[in-house]
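An overview of the molecular structure
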Amino acid sequence: MPLSHHPLVTEFPEYHEQLHKLKMSDNYFSSLMEKYEELDKQVYRMEDGSEPTSDEVVEQLKKERLALNDEIFHKLHEA
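Please read these numbers as outputs of a predicted model, since none were measured by experiment.

Before going further, it helps to spend a moment on the nonpolar core. Core analysis: the largest hydrophobic core is formed by 17 residues, its most contacted members being Leu8, Phe12, Leu19, Phe29, Met33, Ile72 and Leu76. Put simply, the parts of the chain that give this core at least two residues each are α2 (16-25), α3 (27-47) and α4 (55-78). For this core, the leading source of residues is α3, giving 7 residues. Setting aside anything within four residues of it in sequence, one finds isoleucine 72 in contact with Leu8, Phe12, Leu19, Phe29, Leu32, Met33 and Tyr36.

This paragraph deals with the pattern of salt bridges. Summed over all chains, the structure comprises 6 salt bridges. The salt bridge partner of arginine 45 is glutamate 51, with a shortest N-O separation of 2.8 Å. As a salt-bridge pair, glutamate 59 and lysine 62 come within 3.9 Å of each other at their nearest N and O atoms. Here the residue glutamate 59 and the residue lysine 62 both occupy positions in helix α4, the gap between them amounting to 3 residues, near one helical turn. Three or more residues are tied together by salt bridges with common partners; here these are Glu38, Arg45 and Glu51.

The next subject is α4. Compared with an ideal rise of 1.5 Å per residue, which puts 24 residues at 34 Å, α4 spans 35 Å between its outermost C-alpha atoms and is within 8% of the ideal. Among all positions of α4, only Val58, Leu61, Arg65, Leu68, Asn69, Ile72 and Leu76 are buried. Among the structural elements, α1 (8-11), α2 and α3 are those in contact with the buried residues of α4.

With that settled, consider the packing of aromatic side chains. One pair of aromatic rings is described through two measures. These are the centre distance and the angle between the planes. Within the structure shown, the criterion is met by 3 aromatic pairs. Centroid distance tyrosine 15 to phenylalanine 73: 6.4 Å. Interplanar angle 85°. Geometry classified as edge-to-face. Taken together, the residues tyrosine 15 in the loop between α1 and α2 and phenylalanine 73 in helix α4 connect sequence positions 58 residues apart. On the basis of relative accessible area, tyrosine 15 is assigned to the buried category, the value being 16%. For phenylalanine 73, a relative accessible area of 30% corresponds to the partly exposed category. One aromatic cluster in this structure is built from Phe12, Tyr15 and Phe73.

Calculation notes
In this numbering scheme, every chain counts its residues from 1 along its sequence in written order. Per-residue local features of the predicted model are confined to residues with pLDDT of at least 70, and side-chain atom pairs are confined, for both listing and counting, to 80 or more; whole-chain, interface and lining totals are unaffected and use all residues. Note that the side-chain values use all heavy atoms of the structure and ignore hydrogens as well as water. Remark: nonpolar core denotes a set of buried residues (Ala, Val, Leu, Ile, Met, Phe, Trp, Tyr, Cys) joined through side-chain atoms within 4.5 Å. Exposure categories follow from relative accessible area, calculated using a 1.4 Å probe and restricted to protein chains: below 20% of the type maximum is buried, above 50% is exposed, and the middle band is partly exposed. Numbering of helices and strands runs from the N terminus, with a helix taken as a DSSP run of H or I at least four residues long and a strand as a DSSP run of E at least two residues long. We call two residues in contact whenever any of their non-hydrogen atoms come within 4.5 Å of each other. The term salt bridge refers to a pairing of a side-chain nitrogen on Lys or Arg with a carboxyl oxygen on Asp or Glu at a separation within 4 Å. Helix span, as expected, comes to 1.5 Å for every residue beyond the first. Only Phe, Tyr and Trp rings take part, Trp by its six-membered ring, and two of them pair if their centres are within 6.5 Å. Stacked means planes under 30 degrees apart, edge-to-face means over 60, and tilted covers everything else.

Okay, structure coming up:
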C-alpha cells in the first residue's frame, strides 16, 4: 500500500470553502486543523521510515488522527 498524506481538503473535498472559512474565523477549529495536520505529517514520517518508531506508536497516532478527523467533521456539520 503506497504511503500518502491525508490532508483535510482531500478527506472532505466538498467542504473545502467551509474548512477555510472556519479556520479563519474559529480559533478552536483552527487548532483542531493544526493538530490534525501535524499528526498526519508525523504518521507519514514514521511510515516512510524517516522517524523510526514502534507499530504501536504509529497505530496510536492514527487513532488520534481519526478522532480529530471525526471532531472536525462534526464541527463542519454544526456550522
